[in-house]
Every structure is written in C-alpha cells, then in structure tokens.
Amino acid sequence: HHSFQQHIMSRPELTGHASLFYNAKEARKYDSSSRMVGIQREITERAIELLNLSSPDRPSFILDVGCGSGLSGQVLEEHGHVW
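In this report, the structure presented in the accompanying data block is examined. (Residues numbered from 1 in each chain as written. Predicted model: local features only at pLDDT ≥ 70, side-chain atom pairs only at ≥ 80, totals over all residues. Heavy atoms only, no water.)

Counting its secondary structure elements, the protein contains 4 helices and 0 strands. Going residue by residue from the N terminus, the α and β elements of the protein occur as α-α-α-α. Out of the 83 residues in the protein, the part that is buried amounts to 16%. Across the protein, contacts joining residues at least 24 apart in sequence account for 36% of those joining residues at least 6 apart. Within the structure as shown, the protein displays about 6,600 Å² of accessible surface, and the carbon and sulfur contribution to it stands at 59%. (Helix = DSSP H or I, 4+ residues; strand = E, 2+ residues; numbered from the N terminus. Buried < 20%, exposed > 50% of the residue type's maximum accessible area, 1.4 Å probe, protein only. Contact = heavy atoms within 4.5 Å. Areas by Shrake-Rupley, 256 points an atom, 1.4 Å probe, with all protein chains shown as cover.)

This is the structure we're talking about:
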C-alpha cells in the first residue's frame with residue numbers, strides 16, 4: 001500500500017503548474033483513454049439515476065460544471081438530455 005505522502009505526490013497538480021497537466025494535449029489523452037471514458041460514463045449514469053432523470057420521455061436541461069472535456073455531456077446527450 002502507498003503511504004499518504006506517496007498518494008499526495010502522485011497528484012500531478014501538486015508537482016508542477018496546472019498548465020503542464022490541463023491543456024489540449026492532455027485533454028486528448030484523457031478523451032482517448034478507455035479507462036477514463038468508462039469511469040466518466042459510470043459516474044454520469046449514476047448521477048442520472050440519483051437525480052431520477054432516467055425517463056427518456058422527460059429530457060432535462062443540465063448545467064455541467066465539471067470543467068472537463070465533455071465526456072459526461074456526451075453521456076447526458078445519449079440519455080436525451082441537453083447540457
């Protein structure tokens with residue numbers, strides 16, 4: 001198991017300026033990672049369930065403030081919602 005200190009240091013934003021890790025190149029890598037796409041899909045589908053938005057005949061307008069690359073928004077659209 002990793003120690004707490006190792007866990008903290010593995011976070012990229014703690015090792016350098018944010019612009020090194022949050023830019024167009026890194027966003028493309030994130031979007032092409034099947035692991036990340038799967039995680040975002042799971043999280044978004046769970047949010048849809050928790051918010052009781054699963055009825056396809058009742059689309060909702062959803063404000064997504066995740067500041068990501070749009071992976072969650074794609075899932076919302078697949079479920080008939082607008083974001």
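Attention now goes to helix H4 (residues 71-78). Along H4, the positions that sit buried rather than exposed are Leu71, Ser72, Gly73, Val75 and Leu76. Those residues of H4 that are buried are in contact with helix H2 (24-31) and helix H3 (34-50). Once H4 ends, the next one or two residues include Gly80, with phi positive near 90°.

For the structure on display, the rule yields 4 salt bridges. In this structure, Arg41 engages Glu78 in a salt bridge whose closest nitrogen and oxygen atoms are separated by 2.9 Å. Note that Arg41 is positioned in helix H3 and Glu78 in helix H4, a separation of 37 residues in sequence. Among the salt bridges present, the one from Arg46 reaches Glu49, with a minimum N-O distance of 2.9 Å. One end of the pair, Arg46, and the other, Glu49, are both in helix H3, 3 residues apart, so they sit about a helical turn from each other. (Salt bridge = Lys/Arg side-chain N within 4 Å of Asp/Glu carboxyl O.)

What follows concerns the side chain of Thr44. Mapped onto the fold, Thr44 is located in helix H3. For Thr44, the side chain forms a polar contact with the main-chain oxygen of Gln40, separated by 2.8 Å. (Polar contact = N/O pair within 3.5 Å; in protein donor to acceptor, adjacent residues only side chain to side chain.)

By themselves, these observations are geometric and do not establish any function.
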